[in-house]
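So you can see what is in the structure, the chains are spelled out below.
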Amino acid sequence: MLSRSNGKSGTREYTALLLLTVGLKLSDTTPSILFKSGKIAAWVIPLLAFGVMVVPFLLLLAMLKSRPEKGLTDLLFLAAGRWGGMLIGLALCLVTLVSTAFGSRTYVDIINTMGYQRTPLFALYLMLMAAVFYVANRGFETIGRTAWIVVPYIEVFLALLVVFVWYDVEWQHLFPAAGPGLPILLREGANHGSIFGEMILFTAFIPLMRNLQEFKIASWIGFGACAVKIAGMTAVYIAVYDFPPAENMAYPFQQLTRAASIGQIISHLESVFFAFWLITTVVHFAVYVYLLAFLFARSLGLDTFEPLILPFTGLTMLIGMVPENSSRVNQVLDTTLHVSTYMFILLPFVLWSMIRLRRLVH
Amino acid sequence: MKKGIIAFLLACVALLLGGCWDKLELEEQAFVVVLGLDKAPDGLVSVTFQVANPQVGSSDKGAAQNEPPSDIVTFAAPDILSAKEIANSVITRKISFAHLRTIVISQAFASSKLFNHVIGSSIRDPEMRRETNLIISRERASEFITRNKPRLETRPHKYYAFMQERWRDTGYVPFSTLNRYFQRLGRDTLFLSIYGTTKRVKTKYAREEDQYLAGEIPQQNGDPVQIMGSAVFKSGRMVGTITGEETRIALFLRRKSMAHSYISSYPDPLNPDYQVTARVIKDGNTRIKMDLSRERPDVQVTLPLRAQILSIPSFTDYAEDPRKQEKLRKSIEDSLKAKIDAFIAKIQQTYECEPFLWHLVARKHFWTLKAYQAYDWGAHFSKAKINVTIRMRIESFGKQIGPPLPLEIEEDQAG
Amino acid sequence: MSDKGNTPGGIPENMPHHLSERLDENLTLIKHLFAFPDNTALIIRNLRVPALDAEAAIVFLEGAAEPKLIESTILEPLLAKPSLPYQQPDKLEAVLREIVTSPSGKKLVELQVLPGELLKGNTIFLLEGEAGALTLETPGFQSRSVTEPQVEHVLKGPKEAFIESAAVNRSLIRKQLKERQLVSETISIGQRSAKDISLLYIKDLADPELVTEMKKRLKAINADTIANLSILEQYIEDRPYSLIPSALLTERPDRACSFLMEGHIVLIMDNSPTAMVVPVTFWALFHTPEDQYLRWAYGNFIRVVRILAVFVALLTPSIYISVSTFHEEMIPTDLLLAIGATRERVPFPALIEVLVMEIAFELVREAAVRIPSIIGPTIGIVGALILGQAAVEANLVSPILVIIVALTGISSFTIPEISFNFAVRILRFIMLFAASFMGFFGISLVMTCVITYMVSFKSFGVPFLSPLSPHYRSSKDLIVRPPVWKQWLRPFNIRSQDSQRKNKPEGGD
């Protein structure tokens with residue numbers, strides 16, 4: 001017999017949530033950023049990045065194993081003390097805020113460019129963030145459940161997209177296989193680790209999960225599948241468009257949806273894909289906004305964080321509105337990606353050594 | 001509660017009044033179905049729009065009797081998008097490219113330097129699709145569009161939609177979209193585009209029915225447009241044409257071909273006065289092996305084919321005699337190989353580049369992008385030693401076993 | 001609300017709490033309570049009981065009690081029995097145990113329960129010299145006989161429906177569910193005129209927490225009277241302003257029983273030709289009993305048709321609006337031109353067109369329900385279509401809209417549950433406005449919010465979309481169902497105590 005639902009999420013819900021939030025990166029400017037550095041072999045970078053992030057993630061899990069019900073934020077306080085923990089927590093919060101704000105701006109840019117050119121950016125942004133706030137405000141449990149409801153449809157539509165463009169896929173476009181050369185690939189793979197920075201950040205959600213075991217299973221399945229998905233779709237972009245044209249595309253996913261057709265008569269299906277993509281987008285940002293409020297409240301040692309969701313939604317939007325156009329956004333995003341990569345990779349090691357140090361001292 | 005009602009009313013007002021950003025009623029838009037591009041003086045481009053008229057030939061309810069099925073207007077402008085804006089000074093509805101599937105480009109414009117800039121910059125417009133078909137016309141595009149009055153299809157878009165299906169079946173013309181154009185902008189490959197015309201040049205009667213280029217096919221009555229052969233693009237500029245037969249060969253030599261079967265006629269080995277008509281089907285992918293280590297690369301191409309004999313006008317009994325079949329097979333193979341070799345030699349000499357997409361195979365031999373670029377496949381191709389082997393088997397002889405000869409002749413032979 | 005001076009039984013506070021020993025005093029009290037002599041329904045028959053050698057009176061309400069029953073089970077034995085020494089020292093007990101032949105009856109001493117007994121159709125027996133009364137069951141309410149269901153039709157399966165009598169309804173359930181642990185608790189609610197509500201559940205299946213919660217909510221109701229279950233539903237639901245219902249009303253005993261077997265609670269009340277099932281999930285609203293009665297393939301076929309209908313009913317008008325005003329490229333060119341040609345002569349924007357037709361359709365629908373059944377057939381749902389045809393002829397709307405509105409209407413008829421049906425119909429208009437405002441962008445955002453709302457909605461603590469999301473183990477009887485023999489698990493989301501219906505079958509899972 002089950003107890004009354006206790007507001008905690010299970011494996012399925014969290015896996016679905018990861019598949020949507022992290023998997024969505026295949027449809028934004030991430031592939032374009034990858035093309036810039038990985039050229040024809042850009043599709044390898046997500047796999048490498050995942051491999052790079054596995055090490056700090058394992059270390060973090062090892063530290064959390066002996067501390068049930070504790071998440072990343074608790075660990076921060078444990079390792080760095082009250083003020084240190086707060087400082088690191090706020091730093092994480094800042095990184096998340098910047099990437100969420102500029103990330104959301106990218107998405108609004110995509111909507112603006114690909115479908116709603118005459119609608120003011122601000123109006124689109126406002127409507128998107130209103131929906132994001134509504135979803136985020138209903139809590140982590142609800143976001144997870146929503147994800148679990150919609151994830152089959154999203155994944156089926158992604159698969160359908162590949163089926164519909166299969167006619168145009170030419171795998172030989174993926175050669176020369178090493179692209180810019182192995183050393184560059186490896187370096188770029190490590191540099192773009194923060195594509196999977198959520199592996200570190202989302203450990204903050206452990207207290208909201210039923211138990212650590214379920215979190216672990218969901219993380220491995222979720223992040224693993226996302227790495228494969230992002231890599232796979234990046235490969236498909238190149239296979240369909242060949243290399244130099246693919247590099248020049250601002251939004252390869254949206255381009256691909258325009259190429260999809262069922263036979264000759266039913267073509268131009270991009271709006272259908274757009275609708276499903278938008279649902280995912282809302283869930284995606286709901287998670288980040290929730291994470292922001294959660295991180296911030298925990299860093300400051302506040303008990304309730306729900307009232308913070310609204311201000312953070314607004315703040316995200318305000319920051320997102322600052323850049324003039326999407327290329328500026330991309331520059332900032334690329335920089336954030338690099339900076340946060342080092343931060344995410346180093347954080348678990350720093351925490352680990354701090355805990356060891358504290359033990360030695362005592 | 002009261003607050004709720006006020007908020008709801010405000011929201012309703014906002015919904016009803018506000019929706020005017022991207023919202024546009026269907027009938028307020030003019031759907032361009034064909035776009036024509038021509039050279040205009042002063043580095044401008046002359047853009048022709050063929051706008052479909054919904055009130056003709058679509059629905060009985062809304063039919064308008066005295067209107068033409070489409071409206072054709074031409075403007076000179078620096079690029080397509082500014083032409084689109086100017087067009088609204090004449091056309092009452094907002095010009096939309098949402099249903100644009102075909103772009104016609106004049107040969108003169110395609111050969112100019114400007115072409116790549118115009119077409120490359122237009123792709124920024126989200127309404128321009130990479131799936132749009134390209135047709136290169138021998139004459140001015142505006143002329144091509146105006147003179148194209150199909151007899152069976154009232155609405156212009158239907159003509160192009162049907163034609164496209166047939167093109168794919170016959171393989172006389174390549175499948176050319178903007179996407180393929182952009183893919184094959186590089187120096188290592190040629191881009192083939194559909195070639196067509198509404199004018200008749202010299203009419204020549206060829207023994208083999210596919211050695212024509214558009215405009216050369218002897219035709220009486222019927223639609224004015226002839227689509228045959230392809231325009232050859234190198235680095236984004238048109239540099240020449242190839243005939244329908246050559247186009248078929250080029251498509252056959254690609255690893256994967258979109259058109260899988262062609263009906264064509266070959267000399268009858270036992271009765272040179274006649275031709276044998278056969279449907280040749282690609283029997284799997286073309287196998288291409290390369291040896292790039294030498295200065296003159298060595299390319300081995302194996303073309304697996306199967307043939308279905310459709311008609312034997314000489315009444316030779318190939319169907320019953322295996323030895324004669326062998327002769328026929330050899331003869332078809334030889335005649336095909338001769339054509340292929342000649343075509344490859346022509347391509348090697350004329351273009352220093354290839355339309356067979358073999359560069360994709362060549363790419364596999366390199367580990368990094370830099371090494372491949374340094375190799376310069378195009379230059380090496382023109383020097384390459386290419387050996388094409390055809391592997392053909394005759395699959396069937398149709399539903400007739402023997403020729404429909406009168407009974408007496410058979411008796412005479414017996415006696 | 002009840003008057004200040006009234007106690008819950010509806011007795012003015014200045015009246016005595018107990019019956020007196022004197023018969024005439026008691027009768028005066030009763031007369032006063034029932035506004036006698038203005039109220040001629042109150043019938044008092046005085047008699048002398050020879051067996052006890054005492055004056056007595058029987059009191060009953062005309063229409064509530066059955067006179068023939070009173071005559072045969074009370075009057076005849078009272079008047080016929082000779083005066084023997086009775087074993088019971090208490091005279092009333094003696095009458096109850098040794099003289100009258102009614103199937104049930106009890107002794108009461110408090111005045112405030114007395115009117116309730118009379119109102120239920122019982123007969124009150126008063127005896128001179130006794131500070132008490134007997135209440136004897138002689139119900140005589142009229143009700144119709146059991147008929148076929150009016151709303152929840154099935155082609156295959158039982159055809160009995162609940163009627164307005166709680167006793168009959170309970171009997172219908174008992175008939176189907178021969179279950180030792182089937183508990184029928186009675187709770188009385190309402191302050192002025194109390195009503196009995198039967199709470200049916202299977203003791204060793206239903207979650208005790210749920211039963212306690214239910215009782216708590218019933219007792220918390222602060223109302224004069226509750227007419228029937230439809231009103232009760234509105235008192236106990238989780239979110240009164242929500243589009244989603246928290247309870248399900250069914251008129252089919254077989255449905256009620258299948259819910260009971262899953263651990264749900266069923267409420268039954270007089271004057272309600274339905275049973276109320278709590279808690280409900282999306283699936284309860286979406287399923288029909290037919291799905292299970294038909295063979296696996298057929299049952300799933302109609303399920304798929306219905307889930308499709310839900311989406312068609314919800315989204316068709318909004319998709320039309322967004323496709324025709326925002327995403328024209330989606331329509332095949334031929335159709336686009338055909339729509340464009342007819343739209344050119346229509347003066348209104350597409351949204352107004354759709355609204356006009358949708359509202360016309362809703363009008364016809366409402367009219368069809370309200371119209372007296374004699375003139376009903378003249379205005380069918382066909383009326384809307386003729387109306388549409390005429391509107392097309394008059395160039396008020398374009399022809400494609402008739403198809404869209406008709407399709408939407410037909411689809412909404414396939415949704416079996418009335419509350420859910422309304423929810424979809426209202427939501428359709430919200431979708432329509434969102435679509436006309438922002439196209440697919442609007443639809444997607446609203447849809448996401450709706451999904452989020454639905455997953456976070458709880459009916460009596462049970463998440464609305466469970467066991468799908470949040471996931472619980474169940475027989476996977478959701479959008480499609482497995483064969484009957486594989487449905488061996490009770491849904492875990494209802495938290496029933498015994499999770500298995502039977503042992504796991506071979507190959508089941």
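Here is what the cut-offs are and how they apply
- Residues numbered from 1 in each chain as written.
- Chains lettered and ligands numbered in written order.
- Predicted model: local features only at pLDDT ≥ 70, side-chain atom pairs only at ≥ 80, totals over all residues.
- Heavy atoms only, no water.
- UniProt positions renumbered as here; feature names shortened; annotations may be inferred.
- Helix = DSSP H or I, 4+ residues; strand = E, 2+ residues; numbered from the N terminus.
- Rg over C-alpha atoms; globule rule 2.2 N^0.38 Å.
- Buried < 20%, exposed > 50% of the residue type's maximum accessible area, 1.4 Å probe, protein only.
- Contact = heavy atoms within 4.5 Å.
- Areas by Shrake-Rupley, 256 points an atom, 1.4 Å probe, with all protein chains shown as cover.
- Lys, Arg positive; Asp, Glu negative; His and termini not counted.
- Charge placed at Lys NZ, Arg CZ, Asp CG, Glu CD.
- Domains from an automatic or database assignment.
- Buried area = accessible area lost by both parts, 1.4 Å probe.
- Salt bridge = Lys/Arg side-chain N within 4 Å of Asp/Glu carboxyl O.
- Nonpolar A, V, L, I, M, F, W, Y, C, P; charged D, E, K, R; others polar.
- Phe/Tyr/Trp six-rings, centres within 6.5 Å; stacked < 30°, edge-to-face > 60°.
- Lys NZ or Arg CZ within 6 Å of the ring centre and 35° of its normal.
- Polar contact = N/O pair within 3.5 Å; in protein donor to acceptor, adjacent residues only side chain to side chain.
- Pairing = 2+ DSSP bridges.
- Axes fitted to C-alpha atoms, helices over the stretch in contact; angles between N-to-C directions.

Under an unreviewed UniProt entry, the name given to chain C is Spore germination protein KA, and the source organism is Paenibacillus methanolicus. According to the UniProt record, the Sequence similarities (unreviewed entry) comment for chain C reads "Belongs to the GerABKA family."

The name recorded for chain B in an unreviewed UniProt entry is Ger(X)C family germination protein, from Paenibacillus methanolicus. UniProt annotates chain B under Sequence similarities (unreviewed entry) with the comment "Belongs to the GerABKC lipoprotein family."

Helix and strand content of chain C: 17 helices and twelve strands. Expected size for 509 residues packed as a compact globule is a radius of gyration near 23 Å; at 30 Å, chain C overshoots this value by more than 25%. Viewed in the frame of its principal axes, chain C has a C-alpha envelope of about 100 × 60 × 40 Å. Buried positions account for 53% of the 509 residues belonging to chain C. When contacts within chain C are restricted to residue pairs at least 6 apart in sequence, long-range pairs at least 24 apart make up 63% of them. Accessible surface, chain C: about 22,600 Å² in total, of which carbon and sulfur atoms supply 60%. Chain C carries 49 positive and 55 negative side-chain charges, and their two centres are separated by 6 Å.

Before going further, it helps to spend a moment on helix α8 (residues 253-261) of chain C. Residue and element names in this part refer to chain C. Taking burial as the measure, the nine residues of α8 include seven buried ones, the bulk of the element. For α8, the full list of buried residues reads P253, D254, R255, A256, C257, F259 and L260. G263, located one to two residues past α8, shows a positive phi value of around 100 degrees.

Okay, the domain arrangement of chain B next. Residue and element names in this part refer to chain B. What the domain assignment reports for chain B is domain 1 (26-55 + 67-253) and domain 2 (256-400). Between domain 1 and domain 2, a total of about 2,900 Å² is buried, with carbon and sulfur atoms accounting for 59% of that surface. Its largest share of buried area at the contact with domain 2, domain 1 owes to D188, F252 and L253, together 30% of the area lost on that side. Linking domain 1 with domain 2 are two salt bridges. Here K346 makes a salt bridge to E246, at a shortest N to O gap of 3.0 Å. For the side of domain 1 that touches domain 2, the secondary structure elements donating two or more residues are α6 (156-170), β7 (190-197), β8 (226-234), β9 (237-242) and α8 (244-253). Looking at which element gives the most residues to the side of domain 1 that touches domain 2, the answer is α8, with eight residues. A breakdown of the residues in the side of domain 1 that touches domain 2 according to their chemical character gives eleven nonpolar, five polar and 14 charged.

Another point: the packing of aromatic side chains. The tally for this structure, following the rule as stated, stands at 48 aromatic pairs over all chains. Measuring from centroid to centroid gives 5.9 Å for C:F282 and C:F286, while their planes differ by 15 degrees, and the two rings are stacked. With C:F282 and C:F286 both in helix α9 (residues 282-286), this residue pair falls four residues apart, about one helical turn. Classification of C:F282 as buried rests on a relative accessible area of 8%. Owing to a relative accessible area of 1%, C:F286 belongs among the buried residues under this scheme. Here the guanidinium or amino end of A:R82 rests over the ring plane of A:W83, the centre of that ring lying 4.9 Å away. Lying over the aromatic face of C:F286, C:R306 brings its terminal NZ or CZ to 5.2 Å of the ring centre.

Attention now moves to the interface of chain A and chain C. In this assembly, 36 residues from chain A lie in contact with 37 residues from chain C. Across the chain A/chain C interface, buried area totals approximately 3,300 Å², and carbon plus sulfur atoms make up 67% of it. Taken together, chain A and chain C are joined by zero salt bridges. Counting across the chain A and chain C interface gives twelve residue pairs in polar contact (both at pLDDT 80 or more). Contributions of two or more residues to the side of chain A that touches chain C are made by α1 (11-21), α5 (121-137), α6 (140-165) and α12 (270-299) of chain A. Per-element tally for the side of chain A that touches chain C: the top contributor is α12(A), with nine residues. Partitioned by chemical class, the residues of the side of chain A that touches chain C number 22 nonpolar, eight polar and six charged.

A few words now on the environment of C:T186. Residues and elements named next belong to chain C. Checked against the element boundaries, T186 lands in strand β6 (residues 182-189). C-alpha of T186 to C-alpha of L267: the two residues are 81 residues apart in sequence and 9.7 Å apart in space. With residues near it in sequence (within four places) discarded, T186 still touches D196 and I197.

Glancing now at the interface of chain C and chain B. If you look at the interface, chain C gives 30 residues, while chain B gives 31 residues. Of the roughly 2,800 Å² buried at the junction of chain C and chain B (both faces included), carbon and sulfur atoms supply 62%. Of all residues in chain C, C:L337, C:E344 and C:F437 give up the largest surface area on contact with chain B, accounting jointly for 22% of the area buried on that side. Connecting chain C to chain B are five salt bridges. Between B:K158 and C:D334 there is a salt bridge; the shortest N-O distance is 2.7 Å. Counting across the chain C and chain B interface gives 13 residue pairs in polar contact (both at pLDDT 80 or more).

On to the sheet that holds strand β8 (residues 248-250) of chain C, then. Residues and elements named next belong to chain C. Read from one edge of the open sheet, five strands run β6-β7-β9-β10-β8, paired in antiparallel fashion. Edge positions in the open sheet fall to β6 and β8, since each of these has one partner strand only. Adjacent strand axes in the sheet meet at a mean angle of 30 degrees when their direction is disregarded. Taken together, the three bridges between β8 and strand β10 (residues 275-278) define a ladder with antiparallel strand orientation. Following the sheet pairing, L249 is matched in β10 by M276. Docked against the sheet, helix α7 (residues 229-236) engages β6, β7 (195-202), β8, β9 (265-269) and β10, running at close to 25 degrees with respect to β10.

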